[in-house]
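Letter by letter, the chains look like this.
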There are 4 protein chains.
Amino acid sequence: MKQPTAILLIHCPDQPGIIAVVTDFINVNGGNIIYLDQHVDKDQKVFFMRVEWELDSFVIPPNKIEEYFNTLYASKYNMYFRLYFSDYKPRMAIFVSKMSHCIYDLLARYITGEWHVEVPFIISNHPDLENVGTRFGIPYHVFAVTKDNKAEQEAAELALLEKNKIDFIVLARYMQVVTEDIINKYPHKIINIHHSFLPAFVGAKPYHAAFERGVKLIGATSHYVTTELDAGPIIEQEIVRVSHKDSIDALVHKGRDLEKIVLSRAVEKHIQRKVLTYKNKTVVFN
Amino acid sequence: MKQPTAILLIHCPDQPGIIAVVTDFINVNGGNIIYLDQHVDKDQKVFFMRVEWELDSFVIPPNKIEEYFNTLYASKYNMYFRLYFSDYKPRMAIFVSKMSHCIYDLLARYITGEWHVEVPFIISNHPDLENVGTRFGIPYHVFAVTKDNKAEQEAAELALLEKNKIDFIVLARYMQVVTEDIINKYPHKIINIHHSFLPAFVGAKPYHAAFERGVKLIGATSHYVTTELDAGPIIEQEIVRVSHKDSIDALVHKGRDLEKIVLSRAVEKHIQRKVLTYKNKTVVFN
Amino acid sequence: MKQPTAILLIHCPDQPGIIAVVTDFINVNGGNIIYLDQHVDKDQKVFFMRVEWELDSFVIPPNKIEEYFNTLYASKYNMYFRLYFSDYKPRMAIFVSKMSHCIYDLLARYITGEWHVEVPFIISNHPDLENVGTRFGIPYHVFAVTKDNKAEQEAAELALLEKNKIDFIVLARYMQVVTEDIINKYPHKIINIHHSFLPAFVGAKPYHAAFERGVKLIGATSHYVTTELDAGPIIEQEIVRVSHKDSIDALVHKGRDLEKIVLSRAVEKHIQRKVLTYKNKTVVFN
Amino acid sequence: MKQPTAILLIHCPDQPGIIAVVTDFINVNGGNIIYLDQHVDKDQKVFFMRVEWELDSFVIPPNKIEEYFNTLYASKYNMYFRLYFSDYKPRMAIFVSKMSHCIYDLLARYITGEWHVEVPFIISNHPDLENVGTRFGIPYHVFAVTKDNKAEQEAAELALLEKNKIDFIVLARYMQVVTEDIINKYPHKIINIHHSFLPAFVGAKPYHAAFERGVKLIGATSHYVTTELDAGPIIEQEIVRVSHKDSIDALVHKGRDLEKIVLSRAVEKHIQRKVLTYKNKTVVFN
């Protein structure tokens, strides 16, 4: 089995020597760095870094690293940082509606152990895909939302998420606007797939709009959900060529493969702690 | 040398047997079909076709084909059609401002005979690229436009275009809105390159907007110019991947290669008479 | 429900008027053409065509169409043709070994009715993926092949295929060479996915070879299986960018998404009767 | 004007702390780092790094940096390194034969100052493209090679290269094998464009071979020339989709745009000192 590692994600005002300081902290204390990538946004003068190191000979105990790092460096350099450990499996809830192509792709990866993640349950606003949950042995909870019960249902959803210690949420073609309450509890922890190359075709029926406009490419975009519709930080995008020969149905059909791949790429990067957000944009490390 | 051919572009309400009727017209009269492609828009119930045939044994003289076809078929089937002859070289005017990557790409193709086209002159609102014209031996006319002289300058431009029997215009990063007078004289005969994947980032400074939005792809779009800005029929689009590492300058730099290739592909399709427009969209034959 | 249709795939020596003849045959006899695409290979002087029409008002009964078409046209024009009916569901067998990404993708499409196909069973040379069959309720037959039992096992496989009237076979990362007996019974009816852009990296361990060579793109190729290894007609190919940062494991990982999409695209085209083979190449209609 | 910078390219056996050591060397001596990227090849246990810093406050004089760095670090860490200065313009010779699409693309970039490079002359084995040189005001030297004069001509070429202090050579569709003498004088300093996705279709007529094989993608590869044909370290590759509709001529035509873009990307990376070679592979920094 692989050694447990610590992963540190940092951003802070850029200044000389930060890499040296951080790598020195790890090296001097017996950590073996197995990943290091960094980025400087020259316009914003912000420094971004992801570093991962093996813990077995590291002299600071895991539960003290955050405190030590904070005391010794973070406050000094005005750092925003997050610390993760590879031996913790993040807990992911999947939200679906009636289309199954994305959830099948997610679950096939999950069930074969491709991802280091736990999926305790699926939430839906429709009963249609319960059989998908059954097929993979994952509980499927239906929260049918009407005008009258919206507040209660969302409260119930949130309770379920919190009770199960869900770390992040994947909207796998979930065709309902997520309430602000949930968004605020999961800031930059809800990943959506939108079926267009944003910012083109925000909102409903993007394939219809793409057909109408006569574009020669269609796209899909995975992004973190914020309270503004389809406007959160973009994690990944991809396109496929289309032509005058493609009807709306053909666009929808071609788009399905895009959507599932683009969503899964984003989920994977999130699970691997390779996404940093800053000013409504993402740094996605390789 | 290649045989002269006739090229017929058609669209009409869809009904059975149109291909048979048109190909029969050509075959029976001794034309050898060397290209045939067709498309049916099922939603609009419109039929589109491009057919090209060799003229050497065709019994109808070239200058009579239009009349015969119109009389015998076009009115009967309610066809919109255009007839072209391969032995005519279309005359193309290039408009530029200060950036030269697109015009170099166009002129390199022109000067080596890659395209069956004539370029009588270049028009610009700035003197900067006169040396490009000189390099390739092509007259370069500057029409510097100010608030006061706009109407006159545009009239002078139009006069130059008409005097030189220009068939179509290519805006090779021409950074000024073309007057409606010119657009109306050249309906779906002005090809522009916009430096984004439309309909995202319409208008000025799309790379800045793309950077701001944090997209993971940038694009370029070639389209026919209509009186609504960046809203005409799209001919071709392409994208390239970008990441958080790319500054605005890097986007501009990466975008240049996209722009020139996407513009040249559209110009080529136009020269080959492979683009049909219908309801603000294009059918681009292979 | 959709109307039943007939699909005709043709290739023959090119000559003028074949489209007219075939469409006339359909129109005159009351068939409504809903798809027509054609291609001429100018080098080989071969004509290819796919035409599909609705049968409900067609005067020739389905079981007589083949005979009539053969008598009236096929022999006259020296045509090779195949006739299919949309109300027949082709029967597809899936072969797997130990990797599940392709079969999950195929079965998710199958089970949700995305494809008009029947999957009676899965065949494997290993028991590992039996649970995938169970999950989707599809029988899973293991034929473990050793040096001693190879001939018997293959005979048993072939018997199973024939007893179940299998129309075509999909090798979903089946890591064993298929015997010539089976290949000969299913000419251009066995679809394989090879994990490289053929003809580069034929044979075993293409990702290792790609890493070794330092390529900047990796690919996947779906093709019909012939008796020469990885040399059959190519149906579809796709690539993804890689860099010096990608280890062999990373190539394998990135390649999985390619493989499943490229295989599924080929299977879909095959199910839709849109692939014609000629001289070890394919014509893949849109 | 931009500040002059120093660029250091390094590879060495991997060990902890190298980044810290190198960045410390620069920071402590007053250099402002404006670029840093690194890569570890885990298989080979090799560390690669590119670092660039502003020289204006750097206390070590430019002409002493190499010596100091070598003494203090390179021998200690067993480093292979190269040092470049941004105020030196590398000198590039272009070799062409009869096709002009690549050289036009290179020269348009050169002449507009897109690249920090000097092009003292063009060498060709044919007189055909002399007018391209004339157009851009660049001397064009013809070395027509026959069986009898091969040795002399190559010696003359080499003399011309050395007399003009050429730093690197670009083969812009130069259709003749470069002699080993020149290759050995310019190790990993000759950039070629091969019109296929290597290692597929090595050698002559790759588009013919691609057509014959029926591939669905064609590619182009830029690589450093070594004495083994088409087998040197790959710098960049790209592909474009093709179909059964594309004749050999169409492949050649589509390929031209690929070739010029792929070659120019490689040349740019080389000029920017962003390519490191190791064991017949490249590390291409972003």
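Residues numbered from 1 in each chain as written. Chains lettered and ligands numbered in written order. Predicted model: local features only at pLDDT ≥ 70, side-chain atom pairs only at ≥ 80, totals over all residues. Heavy atoms only, no water.

As recorded by an unreviewed UniProt entry, chain A carries the name Formyltetrahydrofolate deformylase and is attributed to termite gut metagenome.

Peer 1: Would you explain the packing of aromatic side chains in this entry?
Peer 2: Each aromatic ring pair is described using two quantities: the centre-to-centre distance and the angle formed by the ring planes. Scanning all chains against the criterion turns up 48 aromatic pairs over all chains. Here F25(B) and F58(B) contribute two aromatic rings whose centre-to-centre distance is 6.0 Å and whose plane-to-plane angle is 85 degrees, an arrangement assigned as edge-to-face. Taken together, the residues span a long stretch of sequence, with F25(B) in helix α1 (residues 18-28) and F58(B) in the loop between β3 (46-54) and α2 (62-74) at a distance of 33 residues. Like F58(B), F25(B) is buried. Here the aromatic cluster, defined as three or more aromatic residues joined through ring pairs, consists of F25(A), W53(A), F58(A), F69(A), Y73(A) and F81(A). Sitting over the face of the ring of Y35(C), R50(C) holds its NZ or CZ atom 4.5 Å from the ring centroid. Over the ring of F211(D) we find K281(C); its NZ or CZ atom is 3.5 Å from the centre of that ring. (Phe/Tyr/Trp six-rings, centres within 6.5 Å; stacked < 30°, edge-to-face > 60°. Helix = DSSP H or I, 4+ residues; strand = E, 2+ residues; numbered from the N terminus. Buried < 20%, exposed > 50% of the residue type's maximum accessible area, 1.4 Å probe, protein only. Lys NZ or Arg CZ within 6 Å of the ring centre and 35° of its normal.)

Peer 1: Just to check I follow, could you spell out the interface of chain B and chain A for this structure?
Peer 2: Frequently, the measure chosen for interface size is the accessible area that the parts lose on association. At the junction of the two partners, chain B supplies 33 residues and chain A supplies 33 residues. Contact between chain B and chain A buries roughly 2,900 Å² in total, counting both sides, with carbon and sulfur atoms accounting for 53%. Considering only the surface of chain B that becomes buried against chain A, R213(B), K216(B) and H244(B) emerge as the three largest contributors, covering 24% of it. Counting the contacts that link chain B with chain A gives 4 salt bridges. Taking the shortest distance from any N to any O, the salt bridge between E236(A) and R241(B) comes out at 2.7 Å. At the junction of chain B with chain A, the criterion picks out 22 residue pairs in polar contact (both at pLDDT 80 or more). When contributions to the side of chain B that touches chain A are tallied by element, the ones reaching two or more residues are α7 (206-213), β11 (234-241) and β13 (281-284) of chain B. Considering every element that reaches the side of chain B that touches chain A, the biggest residue donor is β11(B), with 7 residues. When its residues are assigned to classes, the side of chain B that touches chain A shows 15 nonpolar, 7 polar and 11 charged. (Contact = heavy atoms within 4.5 Å. Buried area = accessible area lost by both parts, 1.4 Å probe. Salt bridge = Lys/Arg side-chain N within 4 Å of Asp/Glu carboxyl O. Polar contact = N/O pair within 3.5 Å; in protein donor to acceptor, adjacent residues only side chain to side chain. Nonpolar A, V, L, I, M, F, W, Y, C, P; charged D, E, K, R; others polar.)

Peer 1: Before we go on, may I ask you to explain the interface of chain D and chain C in this structure?
Peer 2: In this complex, chain D contributes 34 residues to the contact, which on the side of chain C involves 33 residues. Of all residues in chain D, the largest losses of buried area upon contact with chain C belong to R213(D), K216(D) and H244(D), amounting jointly to 24% of the total for that side. On inspection of chain D and its partner chain C, the count reaches 4 salt bridges. Along the contact surface separating chain D from chain C lie 22 residue pairs in polar contact (both at pLDDT 80 or more). Among the secondary structure elements, those contributing two or more residues to the side of chain D that touches chain C are β2 (32-41), α7 (206-213), β11 (234-241) and β13 (281-284) of chain D.

Peer 1: Quick question: what am I supposed to make of the relation of the copies chain D and chain C here?
Peer 2: Mapping chain D onto chain C is achieved by rotating through 180 degrees and translating by 0.0 Å along the same axis, at an RMSD of 0.0 Å. Taken together, the rotation angle and the small translation identify this as a two-fold axis. Using C-alpha coordinates, one finds that chain D approaches the rotation axis most closely at A200(D), a distance of 2.2 Å. A shared interface surface links the copies, since 97% of the contact residues of chain D are contact residues in chain C too. (Least-squares fit on C-alpha atoms with pLDDT ≥ 70 in both.)

Peer 1: Looking at this model, I keep getting lost on the pattern of salt bridges. Mind explaining?
Peer 2: Oppositely charged side chains can pair when the atoms bearing their charge come close. Within this structure, the stated rule accounts for 68 salt bridges over all chains. Between K150(D) and E154(D) there is a salt bridge, with its nearest N and O atoms 2.8 Å apart. Within this pair, K150(D) and its partner E154(D) are both found in helix α5 (residues 150-163), separated by 4 residues, close to a single helical turn. What makes K150(D) partly exposed here is its relative accessible area of 34%. Ionic contacts of the salt-bridge type, sharing partners, join the residues D105(A), R109(A), E114(A), R256(C), D257(C) and K260(C) into one network.

Peer 1: Honestly, the confidence of the model for chain A in this entry has me stumped. Any pointers?
Peer 2: The predicted model of chain A averages 95 in pLDDT, with 100% of residues at 70 or higher. Listed scores for the predicted complex are pTM 0.97 and ipTM 0.95. (pLDDT = per-residue confidence, 0-100.)

Peer 1: What is the right way to look at the packing of α7(D) against helix α8 (residues 248-271) of chain D in this model?
Peer 2: In a packed pair of helices, the relevant descriptors are the angle between the two axes and the axis-to-axis distance. All names here are of chain D. Their axes nearest at 9 Å, the elements α7 and α8 cross at an angle of 125 degrees. With respect to α8, the axis of α7 lies oblique. Crossing angle aside, the handedness with which α7 passes α8 is right-handed. Mapping the contact onto sequence places Y207, H208, A210 and F211 in α7 and I248, L251, V252, G255, R256 and E259 in α8. Grouping the amino acids of the contact of α7 with α8 by side-chain chemistry returns 6 nonpolar, 2 polar and 2 charged. (Axes fitted to C-alpha atoms, helices over the stretch in contact; angles between N-to-C directions. Parallel < 35°, antiparallel > 145°, perpendicular 65-115°, else oblique. Left-handed = near helix turned anticlockwise from the far one by under 90°.)

Peer 1: Explanation requested: the pairing of strand β9 (residues 190-194) of chain C in the structure shown.
Peer 2: Residues in a regular strand project their side chains so that they alternate between the two faces of the sheet. Residues and elements named next belong to chain C. For β9, the buried fraction is high: 5 of the 5 residues fall into the buried class. Side chains of β9 alternate between two faces, with I190, N192 and H194 and I191 and I193 buried alike. Here strand β8 (residues 168-171) runs beside β9; their pairing, made up of 3 bridges, is parallel. Pairing of L171 across the sheet is with N192, part of β9. Handedness of the β-α-β unit built from β8, helix α6 (residues 180-185) and β9 comes out right-handed. In the sheet, β9 pairs with strand β10 (residues 217-224) via 4 bridges, with the strands oriented antiparallel. Residue pairing across strands places H194 opposite T221, the latter belonging to β10. (Pairing = 2+ DSSP bridges. Right-handed = clockwise from strand over helix to strand, strands pointing away.)

Peer 1: Explain the domain arrangement of chain A to me, please; I cannot follow it from the model alone.
Peer 2: All names here are of chain A. We note that the domain assignment places domain 1 (5-85) and domain 2 (91-284) within chain A. The gap between the C-alpha centroids of domain 1 and domain 2 is 31 Å. A buried area of about 990 Å², summed over both sides, lies between domain 1 and domain 2, and 71% of it is on carbon and sulfur atoms. On the surface where domain 1 and domain 2 come into contact, there are 0 salt bridges. In this assembly, domain 1 and domain 2 are joined by 3 residue pairs in polar contact (both at pLDDT 80 or more). Going through the elements one at a time, β1 (5-13), β2 (32-41) and β3 (46-54) are the ones with two or more residues in the side of domain 1 that touches domain 2. (Domains from an automatic or database assignment.)

Peer 1: Looking at this structure, I do not really get the pairing of strand β8 (residues 168-171) of chain D. What am I missing?
Peer 2: Residue and element names in this part refer to chain D. Side chains F168 and V170 of β8 all project onto a buried face; the interleaved residues I169 and L171 project onto the opposite face, where all are buried too. As paired strands, strand β5 (residues 92-96) and β8 are joined by 4 bridges and run parallel to one another. What sits directly across from F95, in β8, is L171.

Peer 1: Just to check I follow, could you spell out helix α1 (residues 18-28) of chain C for this structure?
Peer 2: Every α-helical turn comprises 3.6 residues, leaving residues that sit three or four positions apart pointing alike. Of all 11 residues in α1(C), 8 are buried, a share of seventy percent or more. Those residues of α1(C) lying buried are I18(C), I19(C), A20(C), V21(C), V22(C), T23(C), F25(C) and I26(C). Along its buried surface, α1(C) packs onto α1 and β2 (32-41) of chain B together with β1 (5-13), β2 (32-41), β3 (46-54) and α2 (62-74) of chain C. Downstream of α1(C) by one or two residues, G30(C) has phi in the positive range, about 90 degrees.

Peer 1: What should I look at first to understand the side chain of S196(D) in this one?
Peer 2: Along the chain, the position of S196(D) falls in the loop between β9 (190-194) and α7. Those residues within four positions of S196(D) in sequence are excluded, and the remaining contacts are F201(D), P206(D), G219(D), A220(D) and T221(D).

Peer 1: Could you clarify how one ought to interpret the UniProt feature "domain: Formyl transferase N-terminal" (unreviewed entry) in chain A in this entry?
Peer 2: Mapped onto this numbering, the UniProt entry gives "domain: Formyl transferase N-terminal" (unreviewed entry) at residues 91-267 of chain A. A helix fraction of 37% and a strand fraction of 20% characterise residues 91-267 of chain A, whose end C-alpha atoms lie 12 Å from each other. (UniProt positions renumbered as here; feature names shortened; annotations may be inferred.)

Peer 1: I would appreciate a short explanation of a nonpolar patch on the surface in the present structure.
Peer 2: Together, V177(A), V202(A) and L229(A) line one region of the surface with nonpolar side chains, adding up to about 280 Å² of accessible area. Note on placement: V202(A) falls in the loop between β9 (190-194) and α7 (206-213). (Patch = residues over 30% accessible without salt bridge, like charges linked within 9 Å, V, L, I, M, F, W, Y side chains within 5 Å. Areas by Shrake-Rupley, 256 points an atom, 1.4 Å probe, with all protein chains shown as cover.)

Peer 1: How should the sheet that holds strand β9 (residues 190-194) of chain B be read in this particular structure?
Peer 2: Sheet strands line up and pair through hydrogen bonds in the backbone, either parallel or antiparallel. Residues and elements named next belong to chain B. One open sheet accounts for 7 strands, arranged β7-β6-β5-β8-β9-β10-β11; its pairing is mixed. Single-partner strands in this sheet number two, and they are β7 (140-142) and β11. Each strand axis lies, on average, 20 degrees off the axis of its neighbour in the sheet, ignoring direction. In this structure, strand β6 (residues 122-124) lies alongside β7, joined through 3 bridges in parallel fashion.

Peer 1: Would you explain the sheet that holds β3(A) in this entry?
Peer 2: Residue and element names in this part refer to chain A. Strand order across the open sheet formed by 4 strands is β2-β3-β1-β4, with antiparallel pairing between neighbours. Lying at the two open borders of the sheet, with one neighbouring strand each, are β2 and β4 (80-85). Across this sheet, the average inter-strand angle for adjacent strands is 10 degrees, counted without regard to direction. For β2 and β3, the ladder comprises 9 bridges, and the chain directions are antiparallel. Its bridge partner lying in β3, I33 is registered against W53. The strands touched by helix α1 (residues 18-28) are β1, β2 and β3; relative to β3, the strand with the most contacts, the crossing angle is about 15 degrees.

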